[in-house]
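Summary of the model geometry
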Amino acid sequence: MKHLIFYSFLLAAALLSCKKETPEDPVVVVPPPKVPIFLPGDTTFGAAYAEKNTYVWTANTYCKHALVDSNKLILQLFTYTANGSRRETLGLALFSKNATGVYQFEPRVNIIPPAGSAGATYGTWSSDGDVVEDYYLIDSTDAANRLTITHIDLVNKRVEGRFHATFDLQPPRRNPANPLKASFTNGRFWAVIRE
């Protein structure tokens, strides 16, 4: 009987000391909200690639000399609907055509960016691509915002680079499908410099 009590006590102690294994709560992955993604159009003279709020995004490019300063370039990235109507314009402006370098985005609008800075704008279009829809300004709190020019070849008229740009929608919001924040990450581009 002593052995039975001893083994019962030992069994009870062993059962109490065992940790009951419970399955961990499953990790719920919430996908980011869907954002409109459009087509790049003709990429003969350049293309840009990025992740727009984590979705693959491609645009065509248009690069030219700035009117306000012929030593600087303006780069515009466009997307379109299947019928060719413009839907997005991402502008990266007033960076030097004479040297590679890194530019922080100037958060103030309607000014010529100071040395070492570039302008950045983003907007959407509606109708046949001729009506301004929603307008965004650069998010000055995103420390990763920058334009990096990695290659400039004025003889062959080509510029290449990388960018990260996060924008905040400016009210009023005209299209509820457009996100309140548009972030273009891991961006890269090439463009022909046009006359």
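A brief look at the structure comes next. Keep in mind that this is a model prediction, so the values were computed, not measured. (Residues numbered from 1 in each chain as written. Predicted model: local features only at pLDDT ≥ 70, side-chain atom pairs only at ≥ 80, totals over all residues. Heavy atoms only, no water.)

Attention now goes to the overall build of the protein. Along the backbone of the protein there are one helix and ten strands. Helices (α) and strands (β) of the protein occur, in sequence order from the N terminus, as α-β-β-β-β-β-β-β-β-β-β. When each of the 195 residues of the protein is scored for burial, the buried share is 39%. Restricting to contacts in the protein with at least 6 residues of sequence separation, those with at least 24 account for 55%. Only carbon and sulfur atoms are counted for the fraction: they give 60% of the accessible area of the protein, which is about 11800 Å². (Helix = DSSP H or I, 4+ residues; strand = E, 2+ residues; numbered from the N terminus. Buried < 20%, exposed > 50% of the residue type's maximum accessible area, 1.4 Å probe, protein only. Contact = heavy atoms within 4.5 Å. Areas by Shrake-Rupley, 256 points an atom, 1.4 Å probe, with all protein chains shown as cover.)

Moving on, we get to the environment of Gly101. As for its placement among the helices and strands, Gly101 is situated in strand S5 (residues 101–105). Residue classification places Gly101 among the partly exposed residues on the basis of a relative accessible area of 22%. Spatially, the C-alpha atoms of Gly101 and Ile149 are 5.3 Å apart, while their sequence positions differ by 48 residues. When near neighbours in sequence (up to four residues on either side) are disregarded, Gly101 contacts Leu147, Thr148 and Ile149.

Here strand S1 (residues 46–52) pairs with strand S10 (residues 181–194) via six bridges, running antiparallel. Bridge pairing links Lys52 to Phe184 in S10. Where strand S2 (residues 55–65) meets S10, two bridges bridge the pair, whose relative direction is parallel. Across the sheet, the residue bridging to Lys64 is Arg194, located in S10. In this sheet, S10 lies alongside strand S9 (residues 158–170) in antiparallel orientation, the contact comprising ten bridges. Looking at S10, one finds that Arg162 is bridged to Arg188. (Pairing = 2+ DSSP bridges.)

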